[in-house]
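# A structural walkthrough
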Amino acid sequence: MRRIFICILFVSIFIGSTGIGYATEVNGQHTWKELNQTTDHVLQLVKQEKFEEAKQLLDYFSEAFIELDFKEQGFTMNDMRTITLTFEAAVEAVTATERPLDERIYTVTSFRLAVDALSSEHHPLWLQSEETILGTLLAIKEEYSQENSEALQHRMNTFLRHYQMIRPALLIDLEPQMLQKIESQITYLENLRVDGVGSNKLIPHIELMESDFRKMFERVKEDSADPSLLWVMFTIGGMIVMSLSYVGVRKYRAEKSKVRMKE
């Protein structure tokens with residue numbers, strides 16, 4: 001019995017120390033947080049070109065995903081459709097041997113961000129794309145000013161590619177009105193690509209997109225702020241204000257006392 005226990009303990013420690021980290025079950029139900037971690041492991045395996053192991057984890061994700069109580073999780077039909085489509089694209093990317101590695105990583109990353117958008121209540125991963133998105137828009141303006149048509153097209157392709165990667169996560173996280181506004185701007189940008197540096201409407205549109213994307217990132221940051229963190233900030237801020245007020249009052253009284261003594 002003791003040998004059996006030691007063997008089980010050894011296996012448990014070994015499994016827990018591996019990078020794959022299959023999701024566990026809580027009361028027979030897989031948690032969404034665990035499945036989110038599974039998608040991260042899938043992405044890491046794809047980056048390491050371990051496609052067989054990545055496919056096994058995707059199969060596991062599919063089975064565990066079906067077992068979830070969608071109503072209890074609060075998933076909408078839009079959420080389900082988005083996750084399903086990105087999952088299917090990820091499976092295709094992992095199993096399609098002819099696809100370049102960067103395209104595989106791009107597709108699986110999109111799936112990873114979509115799942116995280118459902119799992120993370122505070123600061124979803126796609127927010128980390130802010131610098132890349134805004135930086136690429138700035139680069140588009142620079143290439144336009146230099147009248148470099150080929151470089152301009154390359155920059156716009158890079159921007160649109162990156163946007164398509166985070167788009168599934170936006171479908172989950174953004175309010176319909178904001179999403180529709182962003183989507184219409186993307187469609188208009190794709191139409192402007194035809195004229196390239198010859199379009200005098202491109203720069204005003206890019207500047208509008210810069211403004212709206214900044215607002216989008218800020219809005220999501222505010223909406224996803226951790227309430228406990230805000231409480232700590234307000235508490236500490238309140239204590240600082242009270243301390244400064246107390247010191248100020250004492251200083252005022254001391255100075256007033258000195259004046260009286262002189263009189």
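Residues numbered from 1 in each chain as written. Predicted model: local features only at pLDDT ≥ 70, side-chain atom pairs only at ≥ 80, totals over all residues. Heavy atoms only, no water.

Another point: the overall build of the protein. Looking only at helices and strands, the protein has 11 helices and zero strands in total. Ordered by position from the N terminus, the helices and strands of the protein form the series α-α-α-α-α-α-α-α-α-α-α. Per-residue burial for the protein yields a buried fraction of 38% across its 263 residues. Pairs at least 24 residues apart make up 71% of the contacts formed inside the protein by residues separated by at least 6 positions. (Helix = DSSP H or I, 4+ residues; strand = E, 2+ residues; numbered from the N terminus. Buried < 20%, exposed > 50% of the residue type's maximum accessible area, 1.4 Å probe, protein only. Contact = heavy atoms within 4.5 Å.)

Here the idea is simple: oppositely charged side chains can pair when their charged atoms come close. Evaluation of the coordinates by the stated rule reveals 10 salt bridges. A salt bridge links Arg-219 to Glu-175, with the nearest nitrogen and oxygen atoms 3.9 Å apart. With Arg-219 in helix 10 (residues 202-223) and Glu-175 in the loop between helix 8 (149-173) and helix 9 (176-192), this pair connects stretches of sequence that are 44 residues apart. Here Arg-219 falls in the partly exposed class, since its relative accessible area comes to 37%. Residue classification places Glu-175 among the partly exposed residues on the basis of a relative accessible area of 43%. Here Lys-221 ties to Glu-218 by a salt bridge, and the two come within 3.8 Å at their closest N and O atoms. Taken as a pair, Lys-221 and Glu-218 lie in helix 10 at a separation of three residues, close to a single helical turn. (Salt bridge = Lys/Arg side-chain N within 4 Å of Asp/Glu carboxyl O.)

In terms of nonpolar packing, the biggest core is built from 61 residues, with Trp-32, Trp-126, Phe-159 and Phe-213 touching the most fellow members. When contributions to this core are tallied by element, the ones reaching two or more residues are helix 2 (32-47), helix 3 (51-67), helix 5 (77-95), helix 6 (101-119), helix 7 (130-145), helix 8, helix 9 and helix 10. Tallying contributions element by element places helix 8 first for this core, with 10 residues. In this view, Trp-126 contacts Leu-113, Ala-117, Ile-166, Ala-169, Leu-170, Asp-173, Leu-174, Met-216, Phe-217 and Val-220; residues no more than four positions away in its chain are not counted. (Core = buried A, V, L, I, M, F, W, Y, C linked by side-chain atoms within 4.5 Å.)

Moving on, we get to the packing of helix 7 against helix 10. One way to put it is that helix 7 packs onto helix 10 with a least axis distance of 10 Å and a crossing angle of 170 degrees. In terms of orientation, helix 7 lies roughly antiparallel with respect to helix 10. Facing helix 7, whose interface residues are Glu-130, Ile-133, Leu-134, Leu-137, Leu-138, Ile-140, Lys-141 and Tyr-144, helix 10 presents Leu-202, Ile-203, Ile-206, Glu-207, Met-209, Glu-210, Phe-213, Arg-214, Phe-217, Glu-218 and Lys-221. For the contact of helix 7 with helix 10, the class distribution of residues is 12 nonpolar, no polar and seven charged. (Axes fitted to C-alpha atoms, helices over the stretch in contact; angles between N-to-C directions. Parallel < 35°, antiparallel > 145°, perpendicular 65-115°, else oblique. Nonpolar A, V, L, I, M, F, W, Y, C, P; charged D, E, K, R; others polar.)

Trans peptide bonds make up most of the peptide bonds, and negative phi angles are found at most residues other than glycine. Of note, the phi angle at Glu-49 is positive, near 65 degrees, even though the residue is not glycine. Relative to the helices and strands, Glu-49 resides in the loop between helix 2 and helix 3. Its identity is not glycine, yet Glu-147 carries a phi of approximately 55 degrees, on the positive side. With respect to the helices, strands and loops of the structure, Glu-147 is situated in the loop between helix 7 and helix 8.

We now examine the packing of aromatic side chains. Summed over all chains, the structure comprises 10 aromatic pairs. Aromatic pair Trp-32 and Phe-65: ring centres 5.6 Å apart, planes at 50 degrees, arrangement tilted. Of the two residues, Trp-32 sits in helix 2 while Phe-65 sits in helix 3, which places them 33 residues apart along the sequence. Judged by relative accessible area, Phe-65 falls into the buried class, the value being 11%. Ring centres of Trp-32 and Phe-75 lie 5.0 Å apart, and the angle between their planes is 65 degrees; this geometry places the pair in the edge-to-face category. (Phe/Tyr/Trp six-rings, centres within 6.5 Å; stacked < 30°, edge-to-face > 60°.)

Moving on, we come to the confidence of the model for the protein. Chain-level pLDDT for the protein is 80 on average; 71% of the residues reach the 70-or-more range. Per-residue pLDDT, averaged within each element of the protein, yields its smallest value for helix 1 (residues 2-17) (37) and its largest for helix 6 (96). Below a pLDDT of 50 lies the segment residues 1-29, which in the model reaches 22 contacts outside its immediate sequence neighbourhood of four places, other chains included. Confidence over residues 226-241 falls short of pLDDT 50; this stretch has three contacts with residues more than four positions distant or in other chains. (pLDDT = per-residue confidence, 0-100.)

Where helix 8 contacts helix 10, the axes come no closer than 15 Å and their chain directions differ by 30 degrees. By the angle between their directions, the pair helix 8 and helix 10 is classed as roughly parallel. Handedness of the crossing formed by helix 8 with helix 10: left-handed. On helix 10, the residues touching Leu-152, Met-156, Phe-159, Tyr-163 and Leu-170 of helix 8 are Leu-202, Met-209, Phe-213 and Met-216. In the contact of helix 8 with helix 10, the residues fall into nine nonpolar, no polar and no charged. (Left-handed = near helix turned anticlockwise from the far one by under 90°.)

Tracing the backbone through its elements, the reader meets Ile-166 in helix 8. Residue Ile-166 is classed as buried on the basis of its relative accessible area of 1%. As for Ile-166 and Ser-129, which are separated by 37 residues in sequence, their C-alpha atoms are 8.1 Å apart. Leave out the neighbours within four places in its chain, and Ile-166 touches Leu-113, Trp-126, Ser-129 and Ile-133.

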